[in-house]
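Structural characterization, general
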Amino acid sequence: MNSQAVELALGTLHESLGSPVSESMNFLNEVAQRYPDAISFAAGRPYEGFFDLDDIHRHLETYRRYLTERLGGDEAAVSRTVMQYGRTKGIIHELIARHLEVDEGITADPESIVVTVGCQEALYLTLRALRRRDTDVLLSVVPAYVGMHGAAQLVDMPVLPVEETPEGIDLDHLVAVVERAKADGLTPRACYVVPDFANPSGVRLSLEARRRLLELAAEHDFLILEDNPYGLLGDPDGPPTIKSLDDAARVVYLGSFAKTGIPGARVGYVLADQRVAGGHGGPETLADQLAKIKSMVTVNTSPIAQAVIAGKLLENGCSLRAANTREIETYRSNLRQVLDGLERRFGGEKAPGVSWNTPSGGFFVLLTVPFAADDALLESSAQLHRVLWTPLHHFYADPEPRRVIRLSFSHLRPQEIEEGLDRLAAFVLGRSDG
Ligand SMILES: Cc1ncc(COP(=O)(O)O)c(C=O)c1O
């Protein structure tokens, strides 16, 4: 390269770029690309076996018919709605509100919904809005979804870690963290939780814990950011969403159509019905503020992608649980197969120091191993055994290796799970002996 070519020092760019979090996704993708014949328990992706490109055309057509009827047959208006720049808060908010009512028991004002580019953008917009002063902080169970750490770093918002028990967020520890933060002059603005089949732990919070979390949020005056991409992928008689128990607008609800809609559409949303005082233009909600930020980040979510998701909703009476009956059965059966397979390979006295949790749904299981599982070990697992998994330190936002790995089984076929577990057992038992 030309010796005069510009070189920028990483230290002069935003601080988040030097953090291990910003490397996580790249590193994991890059390992997967280098070992294409490896079986991956790493990727938390939806099952592809039912993907059919023809669905996209049908969904679009379904939405087109719906819109034509709503717009009194005005074809030009229909085309404009789907093909032109669109409303910042999105065009399918009413259908999302219906879906929330049908599947989640949440009564939502469609005007309080912002349709986003995946749940990830919803998370970013929310944290961006909540972080005003240097003293504003976020509470979160750690280990937690990498994208939460990443979004918090992008808006320079420190995350105060709260411990997790096998039953989910440790509420006593939460209170201790909040009290300590306040004593230190910090303001916990919100607590981030994935109450249903958390990423990475797979844990589901009890109804009692959900109620208690709401009480604590009121008592200590912070919001709850309820992130729920996996909730529909489990027992329909499970506990209700925290948002459905919330009668005081304590909860900002973050939704994703990546696991239950179509991941490639990149559509998610945020329900933010908190009133915001002090604006110039009359009463507004937090959703209106998030839309202002969105207008400067992605302008609006692709109406074409929204139309596809809308068609899928319309074809299923706005129930994504109904739309995913085959997928839900696949995930349940994969989960059973992984848990049985772990028992057969590591159960009893076969593997001292190896244990695992037993989630009742979702995409993930945590496996504890008798050695620190870091990125170098993942590399050797890929190279020598052709099996991938996720080292848990990626969910802590620091490079300190832990003796735990995340296994994701959502996208695998039964024979891949069986073969993958054999390879994993060879890797783990080989290390344990050594
Ligand atoms: C807990 C959690 N929240 C949010 C997301 C991101 O969702 P989306 O793909 O809609 O941006 C994920 C994706 O893996 C996740 O696990």
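Residues numbered from 1 in each chain as written. Predicted model: local features only at pLDDT ≥ 70, side-chain atom pairs only at ≥ 80, totals over all residues. Heavy atoms only, no water.

**Thoughts on the overall build of the protein chain**
- Within the protein chain, the secondary structure is distributed over 14 helices and 17 strands.
- Relative to its length of 434 residues, the protein chain is compact, with a C-alpha radius of gyration of 22 Å against a globular reference of 22 Å.
- For the C-alpha atoms alone, the extent of the protein chain along its principal axes is close to 70 × 65 × 55 Å.
- The burial tally for the protein chain puts 53% of its 434 residues in the buried class.
- Taking all contacts inside the protein chain whose residues are at least 6 apart in sequence as the whole, residues at least 24 apart take part in 72%.
- Approximately 19700 Å² of the protein chain is accessible, and the part contributed by carbon and sulfur atoms is 51%. (Helix = DSSP H or I, 4+ residues; strand = E, 2+ residues; numbered from the N terminus. Rg over C-alpha atoms; globule rule 2.2 N^0.38 Å. Buried < 20%, exposed > 50% of the residue type's maximum accessible area, 1.4 Å probe, protein only. Contact = heavy atoms within 4.5 Å. Areas by Shrake-Rupley, 256 points an atom, 1.4 Å probe, with all protein chains shown as cover.)

**Description of the sheet that holds strand β10 (residues 268–271)**
- Here seven strands make up an open sheet; going across it, the order is β2-β10-β9-β8-β7-β3-β4 and the pairing mixed. Both edges of this open sheet fall to β2 (113–116) and β4 (159–162), since each of them pairs with a single strand only. Here the strands of the sheet are splayed against their neighbours by 20° on average, with no regard to which way each runs.
- Strand direction decides the pairing type here: strand β9 (residues 251–256) and β10, joined by four bridges, are antiparallel. Directly across from Y253, in β10, lies its bridge partner L271.
- This element, helix α9 (residues 286–294), spans β2, β9 and β10 of the sheet and lies at about 30° to β2. (Pairing = 2+ DSSP bridges. Axes fitted to C-alpha atoms, helices over the stretch in contact; angles between N-to-C directions.)

**Structural notes on the side chain of H59**
- Secondary-structure assignment places H59 in helix α2 (residues 53–70).
- Under the relative-accessibility criterion, H59 is labelled buried at 4%.
- Excluding residues within four positions of it along the chain, H59 makes contact with I262, A307, V308, G311, K312 and E315.

**Concerning the sheet that holds strand β13 (residues 355–356)**
- One open sheet holds the four strands; their spatial order is β13-β14-β17-β16, and the pairing between them is antiparallel. The open sheet has two free edges, formed respectively by β13 and β16 (390–391), since each of these has just one partner strand.
- As judged from the two bridges shared by β16 and strand β17 (residues 402–408), these two strands associate in the antiparallel manner. Bridged to P391 within β17 is I405.

**Some points on the pairing of strand β7 (residues 187–193)**
- Here β7 lies mainly inside the structure; five of its seven residues are buried.
- When strand β3 (residues 136–141) meets β7, the two strands line up parallel, connected through five bridges. Along β7, the bridge assignment pairs V137 with P188.
- For β7 and strand β8 (residues 223–227), the ladder comprises four bridges, and the chain directions are parallel. Its bridge partner lying in β8, Y192 is registered against L225.
- After leaving β7, the chain enters helix α8 (residues 207–220) and then returns to the sheet as β8, a path that is right-handed. (Right-handed = clockwise from strand over helix to strand, strands pointing away.)

**Quick notes on the pattern of salt bridges**
- Under the counting rule described, the total for this entry stands at 27 salt bridges.
- Among the salt bridges present, the one from R212 reaches E215, with a minimum N-O distance of 2.9 Å. Here the residue R212 and the residue E215 both occupy positions in helix α8, the gap between them amounting to three residues, near one helical turn.
- Close ionic contact of E419 with R423 constitutes a salt bridge, the shortest N to O distance being 2.9 Å. Of this pair, E419 and R423 are both found in helix α14 (residues 414–433), four residues apart, which corresponds to roughly one turn of the helix.
- The class of E419 is partly exposed, set by a relative accessible area of 35%.
- Connected through shared salt-bridge partners, R87, K89, E111 and D288 make up one network. (Salt bridge = Lys/Arg side-chain N within 4 Å of Asp/Glu carboxyl O.)

**Details of the packing of helix α5 (residues 118–130) against α9**
- Close contact between α5 and α9 brings their axes to 9 Å; oriented N to C, the two are set at 105°. Our classification of the angle between α5 and α9 gives roughly perpendicular. For the pair α5 and α9, contact is made by E121, L125, T126, R128 and A129 and by L286, L290, I293 and K294, respectively. (Parallel < 35°, antiparallel > 145°, perpendicular 65-115°, else oblique.)

**Comments concerning unusual backbone geometry**
- With omega at 15°, the peptide bond leading from V142 into P143 counts as cis.
- With respect to the secondary-structure elements, P143 resides in the loop between β3 and α6 (146–154).
- Cis geometry marks the peptide bond from N199 to P200, where omega comes out at 15°.
- If you check the backbone angles, A397 has positive phi at about 65° while not being a glycine.
- Summarising the element assignment, A397 is placed in the loop between β16 and β17.
- For A397, a relative accessible area of 23% corresponds to the partly exposed category.

**With respect to the state of the cysteines**
- Across all of its chains, the model carries zero disulfides by this definition.
- With no disulfide of its own, C191 lies closest to C119 among cysteine sulfurs, the gap being 15 Å.
- By relative accessible area, C191 is classed as buried at 0%.
- Here C318 stays free of any disulfide, with the sulfur of C119 as its closest cysteine sulfur at 19 Å. (Disulfide = S-S within 2.5 Å.)

Note that every value here comes from positions in space, so none of it alone points to a role or purpose.
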